[in-house]
Amino acid sequence: MKETVCLVSLGCPKNLVDSEVILGLLAKEGHPLTTDPSKGEVIIINTCSFIQDATQEAIETILKLVPYKKEGNCRLLIVSGCLPQRYGKTLEKELPEVDLFVGTGSFQKIPDLIVQAGKRKSYLSGQTFLYNDRTPRILSTPSFTAYLKIAEGCSRTCTFCTVPSIRGPYRSRGIHSILKETERLAEQGVKELILIAQDTTIYGEDLRDGTSLERLLKELIRIDGLRWIRILYAYPKSARFTDSLLQLIGQEEKICSYLDLPIQHIDDEILRRMGRRSKGQEIQDLIHRIRTFVPEVALRTSLIVGFPGERESQFKALLHFAEEAQFDHLGAFKYSPEEGTPASRLPHPVPQEVKEERLKILMQAQKKISLKKYRRMVGRNITVLVEGMDQQKGSLRGRIQTQAPEIDGCVFLKGKALPGDWVEARITQALPYDLVGEIKKILP
Ligand code: SF4
């Protein structure tokens, strides 16, 4: 009888897809799966480690699960993903309770490593594994939503980022493999497909065979059953947003009027020291072009405050930009110096309290923008994808096309519907980051 496995997935949706692949491979080998660590004979923590906070969360999660080796059924504690890939064999000393450390290039071997356990502790070699349509995968998202990883790694050199050193260079999946997987997901009932990579806009370029994001989208919209195709992680480089790509996004109903555009900053000097390949004016022109081709577009971005040397005037420029650009969704972060990155060696670090103050000011501005935008939706009838009961609110919750799962707000709903239902709802109230609505009818 194969051992029961419990997997805990940390970090971003790209890591979540890796976790789903690990679950698929284990199930194929006959391992029963559980979400209850007390029942796990093997416990796997698939970790994130791209910034200190994520590393901290990974270590806290590991230490919280170690007791199951003494008090629970756990025979084998495995740590996989970005933490072992980033910190390597040093972890063997720091976390002696862990039996196996498996990097991003070896997680596909976990079923075999469970059998061979004891020979050695760390498996850290090889490029990050990139699955294909024949790789078993068990979705951990609700059955009507799925992330689709279209490429792995990153070949850019942003000076604050550890991802290229952890995940390796950019590699696209073959377009046929992606289409086959998508057909299977659609047959399984997936309605919302979320395209992910470190940068979705350069998809296919490394294949040098004409494959591109635009070509992929044109193929994906032909697959029956899909209703929403969403693009995340679109690096803001103007050249990648061709008029024809923006036209396609603007005209195709299945492609969400939604773009996640991680901009990080707007000041040219800061952008240059961040190693970003765009200038401030180019970014503002790009936002204008996107809104010209996709008037209803919802834009999400992420911005960093407190990058080394950031003067008050440069922060003011960033704040002014955010107030002008009026993003629908904004994730702002305090700069985190990451060991081994060029930016961590830059002079003039910004004091912590100044970073916190700048973050607070930026998010206060965004809160006003988000509320004002949501107030304009009150009274409108909108299509909502019902996700299920929100335990905290005690009401149904769902999302509109301009809200991505996990990272954006939602719609709290009055009325009856089931998870996965599409409903028409009348928006009755705006909250700073969420909406409230009344279900009018269930849609086919
Ligand atoms: S584009 Fe820059 S920030 Fe994004 S993963 Fe690549 S190196 Fe990191």
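Residues numbered from 1 in each chain as written. Predicted model: local features only at pLDDT ≥ 70, side-chain atom pairs only at ≥ 80, totals over all residues. Heavy atoms only, no water.

In total, this model carries 33 salt bridges according to the counting rule given. Close ionic contact of Arg-311 with Glu-269 constitutes a salt bridge, the shortest N to O distance being 3.4 Å. Of this pair, Arg-311 sits in the loop between strand E13 (298-305) and helix H13 (312-325) while Glu-269 sits in helix H11 (residues 268-274); the two residues are 42 residues apart in sequence, bridging distant segments of the chain. The partly exposed category is assigned to Arg-311, whose relative accessible area is 44%. Its relative accessible area of 28% is what places Glu-269 among the partly exposed residues. One salt-bridge network, in which partners are shared between bridges, spans Glu-192, Arg-230, Glu-387, Asp-390, Arg-397 and Arg-399. (Salt bridge = Lys/Arg side-chain N within 4 Å of Asp/Glu carboxyl O. Helix = DSSP H or I, 4+ residues; strand = E, 2+ residues; numbered from the N terminus. Buried < 20%, exposed > 50% of the residue type's maximum accessible area, 1.4 Å probe, protein only.)

Mapped onto the secondary structure, Glu-219 falls in helix H9 (residues 213-220). Residue Glu-219 is classed as partly exposed on the basis of its relative accessible area, which comes to 25%. Sequence-wise, Glu-219 and Lys-64 are 155 residues apart; in three dimensions their C-alpha atoms are separated by 45 Å. Once residues lying within four places of it in the same chain are set aside, the contact partners of Glu-219 are Ile-175 and Leu-179. (Contact = heavy atoms within 4.5 Å.)

Once that is clear, we can look at the pairing of strand E3 (residues 42-47). Across the six residues that make up E3, a large majority, six, are buried. Burial of E3 is two-sided: the residues Val-42, Ile-44 and Asn-46 facing one way and the residues Ile-43, Ile-45 and Thr-47 facing the other way are all buried. Across five bridges, strand E1 (residues 5-9) lies against E3 in parallel orientation. Across the sheet, residue Val-8 finds its bridge partner in E3, namely Ile-45. (Pairing = 2+ DSSP bridges.)

Another point: the sheet that holds strand E14 (residues 329-334). Read across the open sheet, the six strands follow the order E7-E10-E11-E12-E13-E14; overall the sheet is parallel. Of all strands in the sheet, those with a lone pairing partner are strand E7 (145-149) and E14, marking the two edges. Across the sheet, the axes of successive neighbouring strands diverge by a mean angle of 15 degrees, strand direction being ignored. Here strand E12 (residues 255-260) runs beside E13; their pairing, made up of three bridges, is parallel. Of the residues in E13, the one forming a bridge with Asp-260 is Arg-300. Of the strands in this sheet, E7 and strand E10 (192-196) touch helix H8 (residues 175-187), which is tilted by about 170 degrees from E7. (Axes fitted to C-alpha atoms, helices over the stretch in contact; angles between N-to-C directions.)

Strand order across the open sheet formed by six strands is E2-E1-E3-E4-E5-E6, with parallel pairing between neighbours. Edge positions in the sheet fall to strand E2 (33-34) and strand E6 (122-123), since each of these pairs with one other strand and no more. Strands E1, E3 and strand E4 (76-81) of the sheet are contacted by helix H2 (residues 52-65), whose axis makes an angle of about 170 degrees with E3.

Let's shift gears to the domain arrangement of the chain. As far as domains go, the chain holds domain 1 (5-123), domain 2 (145-375) and domain 3 (381-442). Contacts between domain 1 and domain 2 engage 16 residues on the former and 15 residues on the latter. Counting the surface lost from both domain 1 and domain 2, the interface buries some 1400 Å², and carbon and sulfur atoms represent 58% of this. Remark: the boundary between domain 1 and domain 2 carries three salt bridges. For Asp-18, the salt bridge is made with Arg-167, and the minimal N-O distance between the two is 2.9 Å. Listing elements by their share of the side of domain 1 that touches domain 2, those giving two or more residues are helix H1 (13-28) and helix H4 (82-87). (Domains from an automatic or database assignment. Buried area = accessible area lost by both parts, 1.4 Å probe.)

Another point: the site of the ligand. Taken together, Cys-154, Arg-156, Cys-158, Phe-160, Cys-161, Val-163, Pro-164, Gln-198, Tyr-235 and Arg-276 make up all the residues around the ligand. Per-class residue counts for the shell around the ligand are seven nonpolar, one polar and two charged. (Near = heavy atom within 4 Å. Nonpolar A, V, L, I, M, F, W, Y, C, P; charged D, E, K, R; others polar.)

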